Structures are given as C-alpha cells and as structure tokens.
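If you want the building blocks of each chain, they are given just below.
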Amino acid sequence: MSDVPTIKLALPKGRMAKGVNRLLADAGIHVRETARGYRPDINLPNYDVKILKPRAIIEMLHEGARDVGFAGADWVEEHCVAEELVELLDTKLDPVRLVVAAPTELLVDGQLPKRKLVVASEYAELTHRWITSNGVDAKLLRSYGATEVLPPEDADCIIDNTATGATLQANGLKIIDEVMTSSTRLYANPASLKDPEKKSAIDDLITLVKSVLEARSRVMLEVNVEEANLEQVVGVLPAMRRPTIASVHGSSGFAVKAAVPQRDLPILIPQIKAKGGTDIIITNPEQIVP
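Let me begin by describing the structure that accompanies this report. (Residues numbered from 1 in each chain as written. Predicted model: local features only at pLDDT ≥ 70, side-chain atom pairs only at ≥ 80, totals over all residues. Heavy atoms only, no water.)

### Details of the side chain of Ser183
- With respect to the element layout, Ser183 can be found in strand 10 (residues 173-188).
- Classification of Ser183 by relative accessible area gives buried; the value is 5%.
- At 3.1 Å, the side chain of Ser183 forms a polar contact with the side chain of Arg185.
- If we ignore the near neighbours within four places in the chain, the residues touching Ser183 are Ala71, Gly72, Ala73, Asp90, Lys92, Leu93, Asp94 and Pro95. (Helix = DSSP H or I, 4+ residues; strand = E, 2+ residues; numbered from the N terminus. Buried < 20%, exposed > 50% of the residue type's maximum accessible area, 1.4 Å probe, protein only. Polar contact = N/O pair within 3.5 Å; in protein donor to acceptor, adjacent residues only side chain to side chain. Contact = heavy atoms within 4.5 Å.)

In structure tokens:
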C-alpha cells in the first residue's frame, strides 16, 4: 500500500469547465469520463478528481474536503475566503468584470440619484460591501440569474459580472462603477500545502499548467543572421533568458532561436529585418517550462 497521500482535485462544471479542461489537456493531463459521472479518471498519479459547481469548489476548499481546485476570483471574494485560501496561479481564463450598471434614464450626470435605491445582484456580500464603502442609501434584492432584466421595474441598478458589456447594453444599462475583475484561478487549502508530499504533487500540477499558459503567450522565433549582424539581432530579441545560437552550414552565419512574447511580433519582426536578420520562421510551442 502506498504511503503517498491522495491529492483531492476539484474541477468545475458548467461554463468554466471548457477552458479548464482544454488547459489540462494541453498540459498532457487527461480527464476521462467514467460511469461514476462526477468522479472522472485522471492520468496524474495519486490524484482523486471530483467535478463540482464552482461555488461548491470554494466551500470544499475552505472546509478542507478538497486540496486544490479551480474557481472564479469573484466567488472567492463573495464567500469571504480570499484570505483563507492560497491562490496558486491565475489562468486568465474567463476574464470578467464585476460592475455596477443602471438604466441610462435613471442617472443624474452619469451617477445614481441621491435617494433610496434597490440594487439587484447574485453577489450579496460584495453588494453589501459596495453599498457600505460608497455610502449609498440602498437595499439588496437578491437575484438568481438574469439580473440584467430586473431594472427598471424591479430594481434601480445591478451588480453583475460581464465579459464584454454587450448584454448590459442590450438591456439599456450603463456601467457606472467597477467592483473588481475576475478570472478562473487555481486555489489550494493552506493546510494541504503544509504537507510536504502533497505540496510536491501540487507543485507538479502548477508546473504543468504554467507550461501551457507560458506557451500560449509566446512563439518560437528562428532567424538566420550573418556574423557581422549577430549582436545587433540578438540585442533586440526579448528572449526568456538567452537565445540559442548555432552555426549554419558552411559557417556563413548563425541560426538564432528564442521564445518571444507573441504580442511583440508586429514591432519585433521589422526590427530584426532592419538589423540584418533573414529567413524568419515563427512557430507555436505547446508547452514551455522555464
């Protein structure tokens, strides 16, 4: 019987699941459905997986029933456990803003009127915090989905999450304040990290996931350059550490390879050409482990 402790991993169901499962798959971590439904198999040694609603994941992590799991930062804040869980990494998946929005016709000089207001939201705790911190005379109307349809008949304004703002705009609502930004993040129960063997296994998971996130933000750039221009070309390359340099056939120059931020390519490629670089090739790595 193995003495290695089992790591209890919680994976989200619903909207968040698609991005997380793709991220894991790209890291070589395969989650396979079984007859047990919400208890899939996973090819990580000593890991036990359960699929839960994101809000339930937060509660399970907080109570210590799960060691590690993916959840939205907004709901971690809503459950008031941000200081009691350890954020291991931000996947940047499912980015949203938690905002205050109201009907345009209600606003006075772009602000809420100075009267008793009804604020509708699924985020009861965060709404109470916003009301208190802004000195607004308001009461909460708890909503359970489709919050944006409540104004103006049932509420004066709402606090809800939005990715693009399009749904708010379609319902005649204008954003007037931002409460916080959120995304899918990996959290752990702090007690699990105090166990050296559990921490080691969790660190391995973090390394694998980070390798995909790093690869998604970078491309592999290869360029040929004559010896006289080598230092100039290397000087403009924002490599992770130092670029790889190898002699090309016939000692006519060098082949330079570096993993560079994809967002820099529109500026970087003209610079490389101007410095004497030729035969530039761009490829997409699947994983990068620094």
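### Notes on the pattern of salt bridges
- Applying the stated criterion to the full structure yields 17 salt bridges.
- With a shortest N-O distance of 3.0 Å, Asp67 and Lys198 are connected by a salt bridge. Here Asp67 is found in the loop between helix 2 (54-63) and strand 5 (68-72), whereas its partner Lys198 is found in helix 7 (residues 196-217), with 131 residues between them in sequence. You'll find Asp67 and Lys198 in the same group, each marked buried.
- Several salt bridges converge on common partners, so that one network encompasses Glu87, Asp90, Lys92 and Arg185. (Salt bridge = Lys/Arg side-chain N within 4 Å of Asp/Glu carboxyl O.)

### Here we look at the sheet that holds strand 1 (residues 7-12)
- Strand order in the open sheet formed by 8 strands is 4-1-5-10-6-9-7-8, and the pairing between neighbours is mixed. At either end of the open sheet lies a strand with only one pairing partner, and these are strand 4 (47-52) and strand 8 (138-142). Strand-to-strand twist of the sheet, defined as the mean angle between neighbouring strand axes without regard to direction, takes the value 25°.
- In the packing of helix 4 (residues 124-134) onto the sheet, contacts are made with strand 6 (86-103), strand 7 (117-121), strand 8, strand 9 (157-162) and strand 10, and the angle to strand 8 comes to roughly 170°.
- Packing of helix 7 onto the sheet brings it into contact with strand 1, strand 4, strand 5, strand 6 and strand 10, and relative to strand 6 it is tilted by some 60°. (Pairing = 2+ DSSP bridges. Axes fitted to C-alpha atoms, helices over the stretch in contact; angles between N-to-C directions.)

### Description of unusual backbone geometry
- Going from Pro151 to Pro152, the amide bond is cis rather than trans, its omega being 0°.
- With respect to the helices and strands, the residue Pro152 is situated in the loop between strand 8 and strand 9.
- With phi around 65°, Asn46 is a residue other than glycine that occupies positive phi space.
- Among the residues examined, Asn46 registers a relative accessible area of 36% and is labelled partly exposed.
- Here Ala146, not a glycine, exhibits a phi torsion of approximately 50°, which is positive.
- Here Ala146 is to be found in the loop between strand 8 and strand 9.
- For Ala146, a relative accessible area of 45% corresponds to the partly exposed category.

### Looking at the side chain of Thr147
- As for its position among the elements, Thr147 is in the loop between strand 8 and strand 9.
- Side-chain polar atoms of Thr147 contact the side chain of Ser143, separated by 2.8 Å.
- The contact partners of Thr147, leaving out residues within four places of it in the chain, are Ala120, Ser121, Glu122, Ile158 and Asp160.

### A closer look at helix 2
- Residues Pro54, Ile57, Ile58 and Leu61 constitute the buried set of helix 2. Looking down the long axis of helix 2, one finds its buried residues gathered within 100° of arc, a one-sided arrangement.
- Of the residues one or two after helix 2, Gly64 is the one with positive phi, at around 85°. (Arc of directions from axis to C-beta.)

### Structural notes on the layout of surface pockets
- When its volume is computed, the largest pocket comes out at roughly 360 Å³.
- Lining the largest pocket are 18 residues, with Arg15, Met16, Pro54, Trp75 and Asn161 positioned closest to its centre.
- Listed by contribution, the elements that provide at least two residues to the lining of the largest pocket are helix 1 (15-26), helix 2, helix 3 (73-78), strand 6 and strand 10.
- A per-element tally of the lining of the largest pocket places strand 10 first, with 3 residues.
- Looking at the lining of the largest pocket residue by residue, the classes come out as 5 nonpolar, 6 polar and 7 charged.
- Empty space within the second largest pocket amounts to approximately 230 Å³.
- Lining the second largest pocket are 13 residues, with Leu112, Pro113, Lys114, Asn134 and Val136 sitting closest to its centre.
- Within the residue set of the lining of the second largest pocket, elements represented by two or more residues are helix 4 and strand 10.
- Its residues assigned to classes, the lining of the second largest pocket shows 6 nonpolar, 3 polar and 4 charged. (1 Å grid on protein atoms, 1.4 Å probe; cavity = no way out; pocket = protein on both sides within 12 Å on 5 of 7 lines; lining within 4 Å. Points joined across faces, edges and corners; volume = space filled by probe spheres on them. Nonpolar A, V, L, I, M, F, W, Y, C, P; charged D, E, K, R; others polar.)

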